[in-house]
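A look at the structure
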Amino acid sequence: AQKVTQAQTEISVVEKEDVTLDCVYETRDTTYYLFWYKQPPSGELVFLIRRNSFDEQNEISGRYSWNFQKSTSSFNFTITASQVVDSAVYFCALRGYSTLTFGKGTMLLVSP
Amino acid sequence: EAGVAQSPRYKIIEKRQSVAFWCNPISGHATLYWYQQILGQGPKLLIQFQNNGVVDDSQLPKDRFSAERLKGVDSTLKIQPAKLEDSAVYLCASSTPGTGDQETQYFGPGTRLLVL
């Protein structure tokens, strides 16, 4: 069975602070994909990134960066210089040979 | 490119009533998914279609939930009769199988259902 754990239920930061959202996963599949989605108050899940299990290179996209470490089964997400518009619920998800499994999400509140 | 469309956006019904949700996937996406997202939790897959065939409906409460995708494009999810615990957001997603992006699902805005 697959499992995704996002231990941080809610994080509050002040604008311009850096923030890291943690994600730990479990799977027996040898090939799998990891995802991050953003869910703003409007409710739509917005795709941010996909990473396959064979690619452990970290990725940076603007203020966003992702750190994939297979040895610790973690796929953490860092927002640099956070902004109010980053306020949302962020979901980490895992897909192996079966369905897409989501974590419970981390609510990020960025105050001005 | 147009995204996944869903309607209605909001629905309030009384328990034991029936309700239906509609989804139109991204053009060309053969795979369509329905998820249930209860407040404070991540989405949970209800059913997956490949074209008009069901791939996975193992978590669909078949005594009250049904879904169809007759022509391999639009899909309808129905609940009959609704229970209080069905209050949730129902998300539709689609993806393209057989390409490099096959593992990425794109989601619609969801339908927020409140059962009183």
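Before any of the text, the structure's been laid out above.
Residues numbered from 1 in each chain as written. Chains lettered and ligands numbered in written order. Predicted model: local features only at pLDDT ≥ 70, side-chain atom pairs only at ≥ 80, totals over all residues. Heavy atoms only, no water.

Our focus in this paragraph is the overall build of chain A. When its secondary structure is counted, chain A shows zero helices and twelve strands. Helices (α) and strands (β) of chain A occur, in sequence order from the N terminus, as β-β-β-β-β-β-β-β-β-β-β-β. Its C-alpha atoms give chain A a radius of gyration of 14 Å, near enough to 13 Å, the size a compact globule of 112 residues would have. Taken along the three principal axes of its C-alpha coordinates, chain A extends 45 × 25 × 20 Å. (Helix = DSSP H or I, 4+ residues; strand = E, 2+ residues; numbered from the N terminus. Rg over C-alpha atoms; globule rule 2.2 N^0.38 Å.)

Tallying the contact residues gives 22 residues for chain B and 18 residues for chain A. Both faces considered, chain B and chain A share a buried interface measuring about 1600 Å² in area, 48% of it formed by carbon and sulfur atoms. Along the contact surface separating chain B from chain A lie zero salt bridges. Between the two partners, chain B and chain A, sit six residue pairs in polar contact (both at pLDDT 80 or more). Those elements giving two or more residues to the side of chain B that touches chain A turn out to be β4 (31-37), β5 (44-50) and β10 (106-107) of chain B. Ranked by residues supplied to the side of chain B that touches chain A, first place goes to β4(B) with three residues. Looking at the side of chain B that touches chain A, its residues break down into eight nonpolar, nine polar and five charged. (Contact = heavy atoms within 4.5 Å. Buried area = accessible area lost by both parts, 1.4 Å probe. Salt bridge = Lys/Arg side-chain N within 4 Å of Asp/Glu carboxyl O. Polar contact = N/O pair within 3.5 Å; in protein donor to acceptor, adjacent residues only side chain to side chain. Nonpolar A, V, L, I, M, F, W, Y, C, P; charged D, E, K, R; others polar.)

All names here are of chain A. Ranked by internal contacts, the top residues of the largest apolar core, which has 23 residues, are Trp36, Phe77, Tyr90 and Leu108. The set of elements that each furnish at least two residues to this core consists of β2 (10-14), β3 (19-21), β5 (33-39), β8 (64-69), β9 (74-79), β10 (88-95) and β12 (106-111). Here the element with the most residues in this core is β10; it accounts for four residues. Beyond its immediate sequence surroundings of up to four residues, tyrosine 90 is in contact with Gln6, Leu21, Trp36, Tyr37, Lys38, Leu48, Tyr64, Phe77, Ile79, Gly105, Thr106 and Leu108. (Core = buried A, V, L, I, M, F, W, Y, C linked by side-chain atoms within 4.5 Å. Buried < 20%, exposed > 50% of the residue type's maximum accessible area, 1.4 Å probe, protein only.)

Summed over all chains, the structure comprises two disulfides over all chains. Paired through a disulfide, A:Cys23 and A:Cys92 show a sulfur-sulfur distance of 2.0 Å. Handedness here is read from the sign of the S-S torsion; for A:Cys23 and A:Cys92, about -65 degrees, the answer is left-handed. Here A:Cys92 lies in strand β10 and A:Cys23 lies in the loop between β3 and β4 (24-26), a separation of 69 residues in the sequence. On the basis of relative accessibility, which here comes to 0%, the residue A:Cys23 falls in the buried class. You can call A:Cys92 buried: its relative accessible area is 0%. Disulfide pairing places B:Cys23 opposite B:Cys92 at an S-S distance of 1.9 Å. The sign of the S-S torsion, about -70 degrees, decides the handedness of the disulfide formed by B:Cys23 and B:Cys92: left-handed. (Disulfide = S-S within 2.5 Å.)

Here we come to a nonpolar patch on the surface. Nonpolar side chains collect at one region of the surface, where B:Ile12, B:Leu114 and B:Leu116 lie side by side and expose about 300 Å² of accessible area between them. With relative accessibility at 57%, the residue B:Ile12 sits in the exposed group. (Patch = residues over 30% accessible without salt bridge, like charges linked within 9 Å, V, L, I, M, F, W, Y side chains within 5 Å. Areas by Shrake-Rupley, 256 points an atom, 1.4 Å probe, with all protein chains shown as cover.)

Residues and elements named next belong to chain B. With respect to the helices and strands, the residue glycine 28 is situated in the loop between β3 (19-24) and β4. Judged by relative accessible area, glycine 28 falls into the exposed class, the value being 66%. Separated by 47 residues in sequence, glycine 28 and serine 75 have C-alpha atoms that sit 14 Å apart.

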